[in-house]
Amino acid sequence: MSSDLSPDKASRPSLSRRKFLGSAATVAAGSVLTGCKFVAGSGSNTIPEPPAFPAGIELYQQGFVNWARETKISGVWFCSPRTAEEVLAVANWAKDYDYRLRPLGSGHGFAPTMLPRGHNGQNVIIVNTNDYMNSIEVDADNSVKSATCGAGAYLEDICVELEQYDLGLYHTTAPGGVSIAGVLAMNAHGAAVPKTGETLLPGHSWGTLSNLVLEITAVAWDEALGEYVLKTYQRNEPEIGPLLTCLARAFITSVRIQVGPNVKIHLKSRVDLTADEVLAMPENETENSFSNLSDQFGTVDIIYYPFTPQNLVWLKTWTVTPEKPDTSREVFIPYQLSDGVKMPAWQADVLGSTLRTFPKIVPQYNKTAIDSLVSMMANDDPQTKIHDLWGSAYTTTLYVQPKTPRLTVAAWGVIVARENMQRALAEWYQYFTELLTEFQGRGLYPYTGPVELRAHSVENTNDVLIPGAVEPTLSGARPHPDHPEKDTIIWFAINNNVDQPEAAEFNTRLEQWFYSNYESYGLVRPEWTKCYAYTEDGAFGGAWTNEQVLTERFPNTWNEGYPNNNNWDTAAAQFKTMDPFGVFSNSHLDKLFPL
C-alpha cells in the first residue's frame, strides 16, 4: 500500500513539513547549504570541476556549514541524484577518478563524518539525498506495519505520513529535520523509559531508532562485476548488523522500518524543581528524583543551566495517555516547545563570539535563559500554553527547530541497571558541579550550557516483529551479553558554545571521569553523532583527537564479550568489503575503520 491517498483517507487532514517549517526548500538549505549555488559548467566555480562527471545528474558548487556552525568550507561540490541508480553511477565514477562521496540528508550532526573541520573541499562530492530521494511508502495492510523511505526522507515527514494511517513512532529525535539514513548512520534516538507497569505496543521500541529497521538497501562493491551495485539486507541477515549504525561509512539508499499504533502522549513541563533534588544521591531521593519521576510518568528529560541562583531545571515528562487530560492543550503539529526559542544564524554567531570573548558573562547568560523559560512556562492561556500538551507522539517529541541556537555537544551514554539510574546521575552531577567550581575558582568558564539528560532502554531484538532479528552491531545502546541486568542507557549531552576557551581541558577531564567512575557498574559509550575522544591540546576544541580512544578503546568496547560474527572487527571488515576503495569514507572514518 503506497503513500498515495486512498478514498478512505482523502478526507483526512494532511500536514506537510512545509506546514510547520514554512516555505523553505529544505532544512538543509537553511542550515547546511549556504551562499550562492554555482551549477557545473557555468564557469562560476571557484574550485576545479570534477572531470567527466556522469551526465544528467545535478552537479553544483556551494558552501558547506555544519549544524553547529563550527565547520565552514567556502566551496564544495554537491550532486543531487534522483534515484539509487544515479547514486551507483556517481559511486563508480568516484572510484575511477579518486573522489570520495559523503552522503547528506540534513547535515544535522557534530561528528566529522561529513567533512572534518579544516577540510579544503577538494576531491570530495557531497551527495544530497533529500532533494529527490525522499519518498515515503506506508504499508498499513500487513500484520507488520511498516514504512519504506528513501534515504533523504526526513523523520518529521515520515511521522506526518504515518499519522494518516493512524500509525506512528513511540519516540523520535528532538529535531525532525533529520534524514532516515542519517538517523541510522549515527544511531539517533529520543528518550523512552517505560513507567512502572507499562507494556510496549507491537511495532514500537524503547531502544534507538536503529532497532526499528526491517530492511536496508545500500551500495556495495561486487567483485565479480567489478563495480558498485545495490544490495538489500534483511533484519535477520548477519550483514545488516553494521548497517544499523554505520557511522556513514556506507551509503544507504532506502530503509524499511516497522511502525506501531499512533499513541497519544501527555507532555508536561516543569521549572519549579532544582538540580539538587532531581539529581540527588539515592539516599536523599524525594518523589521528584529523576528515577522516581521515571517510575511514575515514564520518559523524563531535563535541561540544566549551571551557575544560576536557584539551580532550577526544565523537566519534561512524556506519558502515553489515550484520552486528553482536561488541563492539556491539544496540539497537531510539532515544535511547540521551541516556538519561542528561535535565533537567526547571524545572531547565534554574535552570541557565540560574545561568550568566547567575555566568558565571565556565562552566569548572567544562563540566568537569562532560565528566567526566560520560567516566564514561558508561566503562560496558562488555554490556546497558547506549552507546559501541558497532548497529541500524537511526534507532535510532542519533536521540539528542536532549525532556528534554535547552535551549539557544539560533548556527549556520552552510560548503560546501567535501571535500579542504578539515580546513582549514575547523582554521581555525575556531583563531579560536574565540582569541576565547574574548580574552573570558576581559576576565573574560567569553559562551559556555557545547557546540559540535557535523558534515558531509554537498550536495544531489544524482541521488539522487532520478525524472527531472528540481528542486533545493531555498533549501537551505543547495544546490550552486553555478560551484563543482561544493564538495561537502561542514560545520555549526557554537554551542550557548549563553539570554541569556548579551556573547553578542551574541561571535556577531556570529564570524559576520563566517565570511564573511571562507571567502570564498576556501567558501560560507557560515545554518542556517535556528537563529540568525544578528547585531548587537552587537540585541534578545534580537542574532540576526536584521542587516538587511544578512537583506535583502541572503541574497538575493545564492541569486541570484548560480543559474538565473533557480530562485533567491531566484523563490522570494519564488512565496511571494507562493501567499499574496498574507501569511496564512502573520510579522514576521520579512516581512523576508526582503516582501509
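Refer to the preceding data block for the structure.
Cut-offs and rules
- Residues numbered from 1 in each chain as written.
- Predicted model: local features only at pLDDT ≥ 70, side-chain atom pairs only at ≥ 80, totals over all residues.
- Heavy atoms only, no water.
- Helix = DSSP H or I, 4+ residues; strand = E, 2+ residues; numbered from the N terminus.
- Rg over C-alpha atoms; globule rule 2.2 N^0.38 Å.
- Buried < 20%, exposed > 50% of the residue type's maximum accessible area, 1.4 Å probe, protein only.
- Contact = heavy atoms within 4.5 Å.
- Areas by Shrake-Rupley, 256 points an atom, 1.4 Å probe, with all protein chains shown as cover.
- Lys, Arg positive; Asp, Glu negative; His and termini not counted.
- Charge placed at Lys NZ, Arg CZ, Asp CG, Glu CD.
- Pairing = 2+ DSSP bridges.
- Axes fitted to C-alpha atoms, helices over the stretch in contact; angles between N-to-C directions.
- Salt bridge = Lys/Arg side-chain N within 4 Å of Asp/Glu carboxyl O.
- Phe/Tyr/Trp six-rings, centres within 6.5 Å; stacked < 30°, edge-to-face > 60°.

**Let's talk about the overall build of the protein chain**
Part 1 of the reasoning: Looking only at helices and strands, the protein chain features 16 helices and 21 strands.
Part 2 of the reasoning: For 595 residues, the compact-globule formula gives about 25 Å, and the C-alpha radius of gyration of the protein chain, at 23 Å, lands near that figure.
Part 3 of the reasoning: When the backbone C-alpha atoms are referred to their principal axes, the protein chain occupies close to 65 × 60 × 50 Å.
Part 4 of the reasoning: Each of the 595 residues in the protein chain was classed as buried or not, and the buried ones make up 61%.
Part 5 of the reasoning: For the protein chain, contacts bridging at least 24 residues in sequence account for 77% of all contacts bridging at least 6.
Part 6 of the reasoning: Surface accessibility of the protein chain: about 22,100 Å² in total, with carbon and sulfur atoms responsible for 50%.
Part 7 of the reasoning: Separation of charge centres in the protein chain, based on 44 positive and 67 negative side chains, amounts to 5 Å.

**Digging into the sheet that holds strand 19 (residues 451–457)**
Part 1 of the reasoning: Taken in spatial order, the nine strands make up an open sheet running 16-17-13-15-14-19-20-18-21, and their pairing is mixed. Only two strands of the sheet have a single partner each, and these edge strands are strand 16 (329–330) and strand 21 (523–526).
Part 2 of the reasoning: Sheet topology places strand 18 (residues 408–416) next to strand 21; four bridges connect them, and they run antiparallel. The residue of strand 21 that forms the bridge with Ile415 is Leu523.
Part 3 of the reasoning: Packed on one face of the sheet, helix 13 (residues 503–517) meets strand 18, strand 20 (488–496) and strand 21 and runs near 5 degrees to strand 18.

**What about the pattern of salt bridges?**
Part 1 of the reasoning: By the definition in use, this model includes 23 salt bridges.
Part 2 of the reasoning: Asp295 is paired through a salt bridge with Arg418; the nearest N and O atoms lie 3.1 Å apart. Of this pair, Asp295 sits in helix 8 (residues 290–297) while Arg418 is found in the loop between strand 18 and helix 12 (421–441), placing the two residues 123 residues apart along the sequence.
Part 3 of the reasoning: The residue Lys591 makes a salt bridge to Glu547 at a minimum N-O spacing of 3.3 Å. Remark: Glu547 occurs in helix 14 (residues 547–557) and Lys591 occurs in helix 16 (residues 587–592); sequence separation between them is 44 residues.
Part 4 of the reasoning: One salt-bridge network, in which partners are shared between bridges, spans Glu438, Arg442, Glu505 and Arg509.

**Some remarks on the packing of aromatic side chains**
Part 1 of the reasoning: For the structure shown, the criterion picks out 36 aromatic pairs.
Part 2 of the reasoning: Centroid distance Phe53 to Trp93: 5.1 Å. Interplanar angle 75 degrees. Geometry classified as edge-to-face. Note that Phe53 is positioned in the loop between strand 1 (33–39) and strand 2 (58–65) and Trp93 in helix 3 (residues 84–97), a separation of 40 residues in sequence.
Part 3 of the reasoning: For Phe53, a relative accessible area of 14% puts it in the buried group.

**A few points about the pairing of strand 6 (residues 136–139)**
Part 1 of the reasoning: Note that strand 6 and strand 7 (residues 146–150) share four bridges and pair antiparallel. Its bridge partner being in strand 7, Ile136 is matched across the sheet by Cys149.

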